[in-house]
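This is what each chain is made of:
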Amino acid sequence: MLKPRYPSVPELVAFARALTAHRPDLCVLKEVGLSRAGRPLHLLSIGHARRAVLVVAGAHANEPTGGSTLLALAHRVLREPPLRADTSWHFLLCADPDGASLHTTPAPRSLLDYHLGFFRPAGPEQPEWSPAVLPPDRLPPETRALTGVIDTLRPYLQVTLHGTDLGGSWVQLTKDMPGLAEPFVKSAARFRIPVETGASDAAGWPASGPGVRVMPAPGTDLAYPSLPDDARNSTWYHAHRYGGMTAVVEVPMWASDLVDDPAPHPAPATAIRRFAHRLLRDAREVELILADALPRLHGADGPLLRAAKWGLSLVPGLAADWIRTPPADTTMAYVGSVDAFGRRLPLRAAAMLLRVLREADDRAAPELERLVTAWSEAFAERFQARWVPLEHQVEHQSRTVVAAVLEARGMSR
């Protein structure tokens, strides 16, 4: 029996075309833009109601669960008329098809395999995040396509499907949804997915409930002021100009029960300072390999190399934030999430640089491969990683999306 796998963008488009052929009375598939490389961006629409929900998949190439979830949601909306009673559903199949073409994810295998095929663009090249780091006249076409869809639909809710390699599930909201936490937590428990109660991505944000965080208002100080990608300047807030809001639903590929421990950490500041020094040390190892190899790469500047350099450039400021700033949270869960973040950043840079060096048949590739292997295995061992079956990832994310839509529908009336 074949194991479930993540669909490619062409497969997503083929599935969407099949749905429109099956239900032409309800479904429309159209192109809404082109990527930088000329790949089309497709929007699948189901239903005819004026009030709209927008679901976005593929904003981050290394978070592939969203494509599978999008398909499951589209089928569910067709099966269950009450979901489209006063709401039309619109699915952006992949916000970054260029990125998706560069990331390959075997499922289910190991965290090392995941990193050997890893790609996540530099911040200015990410469709949702580019407005946080670029002026409006330099935004990539994928971002302009996404904001154009929002301008046309004026959704009362945008849901963007994200994920993490290892950890737990959580939700980020641009406005509070008081009724979302309960169904979210129940769904996570049903599928043995830990709830990430101290996600470092949401450090210092108000909690609406376990694992549900509300983004702070503009002007509020950030926990990590050095990071350039302020969520409040992302496309997540574009729906606000039409009275809407955004929910970001995160689900892990590999689960760790260490990220949902609410117990107080015995020495959070000391632990986080230790993580900062390890982060600097690990990034330095990658930087030395990069500096040695660059003259042999003859001016190469592809997306993998740009992304690796971007990740390394964030390290000094982030490490300084961790050393100088009191912990935003003092729980075991938060300290564990910071630990994971500190491992991810240099590992991802090393993994993408390794792909560049392998392509060039560079002599530094074996040394870097040993580093990526050791770090991947240490990451999995430290967090006792266990694979979450793909069907459980998808069902939990789908249920959370439906719960958010029902809650937002009531709030927007």
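These numbers come from a predicted model, not from an experiment.

Asks: What should I look at first to understand the environment of S226 in this one?
Replies: You can see S226 is positioned in the loop between strand 8 (212–214) and strand 9 (245–255). Looking at S226, its side chain comes within polar contact range of the main-chain nitrogen of L318, at 3.2 Å. A polar atom in the side chain of S226 sits 2.7 Å from the side chain of D321.

Asks: Quick question: what am I supposed to make of the pairing of strand 5 (residues 157–167) here?
Replies: Among the 11 residues of strand 5, 11 are classified as buried, and the element is accordingly described as predominantly covered. With 4 bridges connecting them, strand 3 (residues 52–56) and strand 5 associate as parallel partners. Pairing of V53 across the sheet is with L157, part of strand 5.

Asks: What exactly am I supposed to notice about the packing of aromatic side chains here?
Replies: How two aromatic rings sit relative to each other is set out by the distance from centre to centre and by the angle between their planes. All told, the structure shown has 8 aromatic pairs when counted by the stated rule. On the basis of an interplanar angle of 70 degrees and a centroid distance of 6.1 Å, the ring pair of Y114 and W254 is categorised as edge-to-face. On the criterion of sequence distance, the pair formed by Y114 in helix 4 (residues 111–116) and W254 in strand 9 is long-range, its members being 140 residues apart. Judged on exposure class, the residue Y114 and its partner W254 are both buried. Arranged with centres 6.1 Å apart and planes meeting at 70 degrees, the rings of W322 and F341 form a pair that is edge-to-face. Here F341 lies in helix 9 (residues 332–359) and W322 lies in helix 8 (residues 303–324), a separation of 19 residues in the sequence. On the basis of relative accessible area, W322 is assigned to the buried category, the value being 3%. The buried category is assigned to F341, whose relative accessible area is 16%. Joined through ring pairs, the aromatic side chains of Y114, F118, W254 and W387 make up one cluster. Between R51 and the ring centre of Y156, over which it is positioned, the NZ or CZ distance is 4.4 Å.

Asks: Just to check I follow, could you spell out unusual backbone geometry for this structure?
Replies: Where the residue is not glycine, phi is negative for most of them; where a peptide bond is considered, it is trans in most cases. Phi is positive for R192, close to 55 degrees, though the residue is something other than glycine. Examined against the element boundaries, R192 turns out to sit in the loop between helix 6 (181–190) and strand 7 (207–209). Backbone geometry at D361 places phi at a positive 55 degrees, although glycine is not the residue there. Looking at the secondary structure, you find D361 in the loop between helix 9 and helix 10 (365–382).

Asks: Is there a simple way to think about the pattern of salt bridges in this case?
Replies: Close approach of charged atoms lets side chains of opposite charge pair. This structure, assessed with the given rule, holds 23 salt bridges. Put simply, D339 and R278 hold a salt bridge, and the shortest N to O gap is 2.9 Å. Here D339 is found in helix 9, whereas its partner R278 is found in helix 7 (residues 268–293), with 61 residues between them in sequence. Between R296 and D292 there is a salt bridge; the shortest N-O distance is 3.0 Å. With relative accessibility at 23%, the residue R296 sits in the partly exposed group. D292 sits in the partly exposed class, given a relative accessible area of 38%. Put simply, R36, E125, E142 and R306 are held in one network by salt bridges that share partners.

Asks: Where do I start with the packing of helix 7 against helix 10 in this structure?
Replies: Geometrically, a packed helix pair is captured by the angle between its two axes and the distance between the axes. Orientation of helix 7 relative to helix 10, taken along the N-to-C sense of each, is 160 degrees, at an axis distance of 11 Å. When the axis of helix 7 is compared with that of helix 10, the two are roughly antiparallel. For helix 7 against helix 10, the interelement crossing comes out left-handed. Within the contact between the two elements, helix 7 uses D282, E285, V286 and I289 and helix 10 uses E367, L368, L371 and W375. Each residue belonging to the contact of helix 7 with helix 10 can be placed in one class, and the counts come to 5 nonpolar, no polar and 3 charged.

About the thresholds
- One numbering rule holds for all chains: residues counted from 1, following each sequence as written.
- In view of the model being predicted, local features appear only for residues whose pLDDT reaches at least 70, and side-chain atom pairs are presented and counted only at 80 or more, with totals across whole chains, interfaces and linings using the full set of residues.
- To get the side-chain values, take all heavy atoms of the structure and skip hydrogens and water.
- For the purposes of this entry, the term helix denotes a DSSP run of H or I that reaches at least four residues, the term strand denotes a run of E that reaches at least two, and both are numbered from the N terminus.
- Polar contacts here mean pairs of N or O atoms no more than 3.5 Å apart (in protein, one a potential hydrogen donor and the other a potential acceptor; neighbouring residues in sequence count only if both atoms are side-chain atoms).
- We call a residue buried when its accessible area falls under 20% of the maximum for its residue type, exposed when it is over 50%, and partly exposed in between, using a 1.4 Å probe and counting protein chains only.
- Any two strands between which DSSP finds at least two bridges are classified as paired.
- In this scheme Phe, Tyr and Trp rings, the latter by its six-membered ring, pair at centre separations within 6.5 Å, and the angle between planes marks the pair as stacked below 30 degrees, edge-to-face above 60, and tilted otherwise.
- Note on geometry: a ring has a charge over it if NZ (lysine) or CZ (arginine) is within 6 Å of the ring centre and within 35 degrees of the ring normal.
- The working definition used for a salt bridge is a side-chain nitrogen of Lys or Arg within 4 Å of a carboxyl oxygen of Asp or Glu.
- Fitted lines through C-alpha atoms serve as axes, helices being fitted only where they are in contact, and the angles separating the N-to-C directions of these axes extend from 0 to 180 degrees.
- To sort the angles, those under 35 degrees are grouped as roughly parallel, those over 145 as roughly antiparallel, those from 65 to 115 as roughly perpendicular, and the leftovers as oblique.
- Each crossing is labelled by how the near helix is turned from the far one, with a counterclockwise turn of less than a right angle marking it left-handed and a clockwise turn marking it right-handed.
- It only takes one pair of heavy atoms within 4.5 Å for two residues to be counted as in contact.
- Think of it as three bins: nonpolar holds Ala, Val, Leu, Ile, Met, Phe, Trp, Tyr, Cys and Pro, charged holds Asp, Glu, Lys and Arg, and polar takes everything else, Gly as well.

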